[in-house]
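The primary structure of each chain is shown beneath.
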Amino acid sequence: MADLSVTIQQAGDVLHLHQQGQPDLRFHAIWLRDNALDAATRDPGNGQRLITLADIPPDTRLISAAISGDQLVCAFAPEGKTTAYPINWLQTNAYDQPRADAQGRLPGHAVAWDSALTADIPAADLSDLQSNADTRRDWLTAVRRYGFAKVTGMAPQSGGLFDIVSLFGYVRETNYGRHFEVRTEVNPVNLAYTGLGLQAHTDNPYRDPVPTLQILSCLENSADGGENMVVDGFAAARRLLAEDPHGFALLAGYPARFAYTGGNGVALQSRRPVIELSPDGELVALRFNSRSAAPVTDVPFDDMPDWYTAYRRLSDIIDNPSMEVVFKLAPGEAFIVDNTRVLHARKGYSGAGNRWLQGCYADKDGLLSTLNALEAAS
Ligand code: FE2
């Protein structure tokens, strides 16, 4: 690390890591002490912090710092503690850098998409996913990137979809059960019968937190039509942002309300925005489901007309065919969506035949955990 040097500044409050040809990286003494990597601060086995802030004196400051090989060695007063940090760990965890602060920006791993993805729907065969870690990693990467992927080669029998969940995590059971049936028998006598389509939506916005993944699997699909359709909600939100920043800010800035009152003691309610952003403006989630929308009562009177204009425009964008990826599932096929981002819908169907899907929920933290572990191992 010949091209690195360090200085202590501001009476020991700040350390400057000088890098040749690059800006300094600055670290505060309190940050360095809190994030010490020694065995007395972090458990060497599980990496968990063994101290609290109460164990760190509020007047903590640096009294020495030096580069030693590929480590930075620091001493802190008043504890008299000396500890070392790998330089590449400091560079990886540096916070003294330009902020990504654009409102409505995509999360780091996400790529927005539209109907063009129809030609390149991410998909993998279940047996490959089960037996090949690289296939599993690539498929999970696609789910993280697009919030959507297909699976083929599933057993077309009741409960087959649980084999997909087992690839990365656990079923999230709800009042609808471990799984739910989406089953329609089209009346073969009345060929004019047309099954109603459903507008693209996210599921269960009345839960808090929502189920973050949904899997829909196909056991039978012999009716005409009945295609599935998905829309990238983040892409739709960003289109609204480009057209109407004020409307985007209203949908992100005020809670909407969602409710579902079923029988058997179920009365689910949530108070969450249609577009949810992180405190620094990154897209977190979209909740869009007109069937579950409750009266919005948290938008000020004067803002309500513009809130509705933005909500209507978002609805129109979601309904625009240029946004949708349409596909028909065959028996033994399934798809997964990130229910915080990707909306799904059923097209209308008609004619004789049956349509039998099974769905279930799962959670994204387990999926991302599995992906992170696979990436760390490869
Ligand atoms: Fe749904």
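Every value quoted in this text rests on a predicted model; they were computed, and no experiment measured them.

Asker: What's the story with the overall build of the protein in this structure? I'm lost.
Answerer: Broken down by element type, the protein carries 9 helices and 23 strands. Relative to its 378 residues, the protein shows a buried fraction of 47%. Across the protein, the fraction of contacts at a sequence separation of at least 24, relative to all contacts at a separation of at least 6, is 74%. Here the protein has roughly 17,900 Å² of accessible surface; of this, 50% comes from carbon and sulfur atoms. Once the 32 positive and 45 negative side-chain charges of the protein are each reduced to a mean point, those two points are 3 Å apart.

Asker: Whenever I open this one, the sheet that holds strand β19 (residues 324–327) confuses me. Can you help?
Answerer: Two orientations exist for strands paired in a sheet by backbone hydrogen bonds: parallel and antiparallel. Across the sheet, 3 strands lie side by side as β19-β14-β21; this open sheet has antiparallel pairing. Only two strands of the sheet have a single partner each, and these edge strands are β19 and β21 (342–346). Between one strand axis and the next, the sheet turns through 20° on average, direction left out of account. Here strand β14 (residues 228–232) runs beside β21; their pairing, made up of 5 bridges, is antiparallel. Residue pairing across strands places methionine 229 opposite alanine 345, the latter belonging to β21.

Asker: Could you clarify how one ought to interpret the layout of surface pockets in this entry?
Answerer: Empty pockets left among the atoms are what a rolling probe the size of a water molecule brings to light. Considered as a void within the structure, the largest pocket measures approximately 460 Å³ in volume. The wall of the largest pocket is formed by 22 residues, among which Phe180, His201, Asp203, Arg291 and His344 lie closest to the centre. When the residues that make up the lining of the largest pocket are grouped by side-chain class, the tally is 10 nonpolar, 7 polar and 5 charged. Within this model, the second largest pocket holds a volume of roughly 270 Å³. What lines the second largest pocket is a set of 15 residues, and nearest its centre among them are Pro107, Arg144, Asp338, Lys364 and Leu368. Elements that contribute at least two residues to the lining of the second largest pocket include exactly α4 (133–146), β18 (283–286) and α9 (364–377).

Asker: Please clarify how helix α7 (residues 245–253) should be interpreted in this entry.
Answerer: One turn of the α-helix equals 3.6 residues, which is why residues spaced by three or four share an orientation. Within α7, the full set of buried residues consists of Gly247, Phe248, Leu250 and Leu251. Along the axis of α7, the buried positions cluster into a sector of 160°, meaning they face one direction only. Buried-residue contacts for α7 involve α6 (233–243), β17 (275–277), β18 and α8 (304–319).

Asker: Help me understand the sheet that holds strand β4 (residues 61–68), please; the structure alone is not making it clear to me.
Answerer: With antiparallel pairing, 3 strands are arranged side by side in an open sheet as β4-β5-β6. Only two strands of the sheet have a single neighbouring strand rather than two, namely β4 and β6 (81–86). Taking each pair of neighbouring strands and ignoring which way they run, the sheet shows an average axis angle of 20°. Bridge analysis of strand β5 (residues 71–77) against β6 gives 6 bridges, and the strand direction is antiparallel. If you follow alanine 75 over to β6, its bridge partner there is threonine 82.

Asker: Hey, could you run me through the nonpolar core in this one?
Answerer: Generally speaking, nonpolar side chains in soluble globular proteins are found buried as a group. Of all hydrophobic cores here, the largest spans 33 residues; its most connected members are Phe248, Leu251, Val274, Ile275, Trp307 and Leu314. If you list the elements that add at least two residues to this core, you get β14, α6, α7, β15 (256–261), β17, β18, α8 and β21. Of all the elements, α8 adds the most residues to this core, at 7 residues. Aside from chain neighbours lying at most four places away, what touches leucine 314 is Ala236, Ala237, Leu240, Leu251, Val274, Leu286 and Phe288. Leu129, Val151, Leu167 and Phe168 belong to the second-largest nonpolar core, a separate cluster that totals 25 residues.

Asker: Looking at this structure, I do not really get the environment of aspartate 316. What am I missing?
Answerer: Considering the arrangement of structural elements, one finds aspartate 316 in helix α8. Between the alpha carbons of aspartate 316 and tryptophan 139 there is a distance of 31 Å; along the sequence they are 177 residues apart.

Asker: Even after reading the chapter, I still don't get the coordination of the iron ion, so can you show me in this structure?
Answerer: Expected angles at a metal are 109.5 degrees for tetrahedral coordination by four donors and either 90 or 180 degrees for octahedral coordination by six donors. Here the iron ion is held by the protein donor atoms His201 (NE2), Asp203 (OD) and His344 (NE2), which lie 2.2 Å from it. In primary sequence terms, the donor set of the iron ion follows H-x1-D-x140-H. Highlighted residues: aspartate 203 in the loop between β11 (194–195) and β12 (213–221) and histidine 344 in strand β21, separated in sequence by 141 residues. As far as burial versus exposure is concerned, aspartate 203 and histidine 344 are alike and both buried.

Asker: It is not clear to me how the confidence of the model for the protein should be interpreted in this structure. Could you clarify?
Answerer: The predicted coordinates should not be examined in detail at positions where pLDDT is low. Scored by pLDDT, the protein has a mean of 94; 96% of the residues are at 70 or more. Contacts for the low-pLDDT stretch residues 188–193, under 50 throughout, to residues beyond four places or in other chains number 7 contacts.

Definitions and cut-offs
- Residues numbered from 1 in each chain as written.
- Predicted model: local features only at pLDDT ≥ 70, side-chain atom pairs only at ≥ 80, totals over all residues.
- Heavy atoms only, no water.
- Helix = DSSP H or I, 4+ residues; strand = E, 2+ residues; numbered from the N terminus.
- Buried < 20%, exposed > 50% of the residue type's maximum accessible area, 1.4 Å probe, protein only.
- Contact = heavy atoms within 4.5 Å.
- Areas by Shrake-Rupley, 256 points an atom, 1.4 Å probe, with all protein chains shown as cover.
- Lys, Arg positive; Asp, Glu negative; His and termini not counted.
- Charge placed at Lys NZ, Arg CZ, Asp CG, Glu CD.
- Pairing = 2+ DSSP bridges.
- Axes fitted to C-alpha atoms, helices over the stretch in contact; angles between N-to-C directions.
- 1 Å grid on protein atoms, 1.4 Å probe; cavity = no way out; pocket = protein on both sides within 12 Å on 5 of 7 lines; lining within 4 Å.
- Points joined across faces, edges and corners; volume = space filled by probe spheres on them.
- Nonpolar A, V, L, I, M, F, W, Y, C, P; charged D, E, K, R; others polar.
- Arc of directions from axis to C-beta.
- Core = buried A, V, L, I, M, F, W, Y, C linked by side-chain atoms within 4.5 Å.
- Donors = N, O, S within 2.8 Å, 3.2 Å for Na, K, Ca; no water.
- pLDDT = per-residue confidence, 0-100.

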